[in-house]
Amino acid sequence: MNAPRLAGKVALVFGGGGTPDGVNNGQAAAVTYARHGARVAVVDVRSDAAALTADAVRSAGGTAVAITADVTDSDQVEAAAREATTELGPVDVLHNNVGVTVLGGPVELSLDEWRRAFALNVDGVFLACKHVLPSMLERGRGAIVNVSSLAALRHVGYDYPAYMSAKAAVNQATVSFALTYADRGIRANSVAPGFIDTPLVRAQLSSQAGSIEDLLATRNAVSPTGRMGTPWDVAHASLFLASDEAAYVNGVCLPVDGGLSMSCA
C-alpha cells in the first residue's frame with residue numbers, strides 16, 4: 001500500500017476557516033491535506049472559523065492548529081507563518097484560499113471597493129508567499145497552491161470586473177513565482193474553480209437571482225456536467241498539485257469546472 005501523499009509534511013492553509021452552513025473550499029482543502037498525512041495549520045481572520053476546521057481535521061484523525069490572522073496585514077501573516085512553524089514544523093505546502101467577490105462595474109464601484117478586491121484576493125497571496133518562501137528556499141523544497149477562479153479565464157455571467165481582474169493577477173503572480181524559483185526546488189500552481197456549491201457563493205451571489213433555488217438551478221444548468229462541483233473537487237485537485245506526484249507540474253492554472261472553460265456557450 002502506498003504511503004499517504006503528504007506524509008510527514010506541514011500544510012499552511014490561509015482562508016481555511018469553516019462555517020456551520022456547510023463545507024467550503026478552505027475547510028475541504030485542510031481536511032483533505034490532513035487525510036493524506038499532512039499536519040495542518042488553519043488560518044482565518046475569524047478565530048471561531050479557524051477552530052471549526054481544526055476540529056474537523058482532528059475528528060478525521062489528523063493534526064491541526066488554528067491560527068487567527070488577517071491576510072491583508074503583513075505583520076499578522078508573518079506571525080501566522082511563524083506560529084505554524086513553531087507548532088508543526090517548517091511549511092512544505094502553502095495553500096492560499098482567501099477570496100471574496102466584489103460585485104459591480106466600474107461605474108457603480110468605488111475606488112475603495114476596487115482596491116478591497118485586490119487587497120483580499122491578491123495581497124494575501126503576495127504576503128503569504130513573502131513570509132513562507134524564505135523557509136522553503138532555505139530547505140530547497142516547497143509547493144504553493146493558489147486558489148484562483150474560472151472568472152480569471154473567461155466571463156461567467158456576473159458583473160464583477162474587480163474580482164475577475166484580481167484573480168487574473170493571482171494567476172500571473174503564480175506564474176512568476178513558479179518560474180522565479182523553479183530551479184530552487186519550489187513549485188507554484190493555481191486551481192481555478194468554476195461553479196462550485198459553497199456557502200460563500202450562496203451568500204455573496206444570492207442577489208443575482210430571485211432566490212437561492214434559482215441561483216443553484218442556473219449554476220447547475222450552465223455546467224457541462226449538469227451540476228456544480230463541490231469543495232472536495234477543488235481540494236482533490238489541490239492535493240495533486242501539492243503532492244510529489246506533481247513534481248514536474250509548475251506554473252499551471254488548473255480549471256476545476258466540469259469543462260466549462262472549454263465551452264463556447
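Residues numbered from 1 in each chain as written. Predicted model: local features only at pLDDT ≥ 70, side-chain atom pairs only at ≥ 80, totals over all residues. Heavy atoms only, no water.

1. Looking at the overall build of the protein
So, point 1. Broken down by element type, the protein carries 8 helices and 7 strands.
So, point 2. Its C-alpha radius of gyration of 17 Å places the protein within 12% of the 18 Å reference for a compact globule of 265 residues.
So, point 3. When its C-alpha atoms are laid out on the principal axes, the protein stretches across 50 × 40 × 35 Å.
So, point 4. Counting every position in the protein, which comprises 265 residues, the buried fraction comes to 50%.
So, point 5. For the protein, restricting intrachain contacts to residue pairs at least 6 apart in sequence, the fraction spanning at least 24 positions comes to 75%.
So, point 6. When the accessible surface of the protein is summed, it comes to about 11700 Å², and 53% of that surface belongs to carbon and sulfur atoms.
So, point 7. The average position of the 19 basic charges and that of the 25 acidic charges among the side chains of the protein differ by 7 Å. (Helix = DSSP H or I, 4+ residues; strand = E, 2+ residues; numbered from the N terminus. Rg over C-alpha atoms; globule rule 2.2 N^0.38 Å. Buried < 20%, exposed > 50% of the residue type's maximum accessible area, 1.4 Å probe, protein only. Contact = heavy atoms within 4.5 Å. Areas by Shrake-Rupley, 256 points an atom, 1.4 Å probe, with all protein chains shown as cover. Lys, Arg positive; Asp, Glu negative; His and termini not counted. Charge placed at Lys NZ, Arg CZ, Asp CG, Glu CD.)

2. Considerations on helix H3 (residues 74–88)
So, point 1. Over its 15 residues, H3 runs 21 Å from end to end, which matches the ideal 21 Å to within 8%, given 1.5 Å per residue.
So, point 2. What H3 keeps buried is the set Val77, Ala80, Ala81, Ala84 and Leu88. Considered in projection along H3, the buried side chains sweep an arc of 95 degrees and stay on one side of the axis. More than 90 degrees from the buried face of H3, the exposed residues found are Asp75 and Thr86.
So, point 3. Between the side-chain oxygen at the start of H3 and the backbone nitrogen of Asp75 there is a gap of 3.0 Å, and the oxygen is on Asp73. (Expected span 1.5 Å × (residues − 1). Arc of directions from axis to C-beta. Polar contact = N/O pair within 3.5 Å; in protein donor to acceptor, adjacent residues only side chain to side chain.)

3. A closer look at the pairing of strand E3 (residues 64–68)
So, point 1. In this structure, strand E2 (residues 39–44) lies alongside E3, joined through 5 bridges in parallel fashion. Residue pairing in the sheet places Val42 in a bridge with Ala66 of E3.
So, point 2. Chirality of the crossover, the property in question, places the unit of E2, helix H2 (residues 47–59) and E3 among those that are right-handed. (Pairing = 2+ DSSP bridges. Right-handed = clockwise from strand over helix to strand, strands pointing away.)

4. Brief notes about the environment of Ala30
So, point 1. You can see Ala30 is positioned in helix H1 (residues 25–35).
So, point 2. For Ala30, a relative accessible area of 0% gives the class buried.
So, point 3. Once the C-alpha coordinates of Ala30 and Ala79 are considered, the two residues, 49 residues apart in sequence, prove to be 19 Å apart.
So, point 4. Excluding anything up to four places from it in sequence, Ala30 contacts Val13, Val40, Val42, Thr53 and Val57.

5. Let's talk about empty space enclosed by the protein
So, point 1. What the rule picks out here adds up to 1 cavity of 30 Å³ or more.
So, point 2. One number sums up the size of the largest cavity: a volume of about 30 Å³.
So, point 3. Every residue along the wall of the largest cavity is listed here: Phe14, Asn96, Asn97, Val98, Gly124 and Val125.
So, point 4. Along the lines of polarity and charge, the residues of the lining of the largest cavity split into 3 nonpolar, 3 polar and no charged. (1 Å grid on protein atoms, 1.4 Å probe; cavity = no way out; pocket = protein on both sides within 12 Å on 5 of 7 lines; lining within 4 Å. Points joined across faces, edges and corners; volume = space filled by probe spheres on them. Nonpolar A, V, L, I, M, F, W, Y, C, P; charged D, E, K, R; others polar.)

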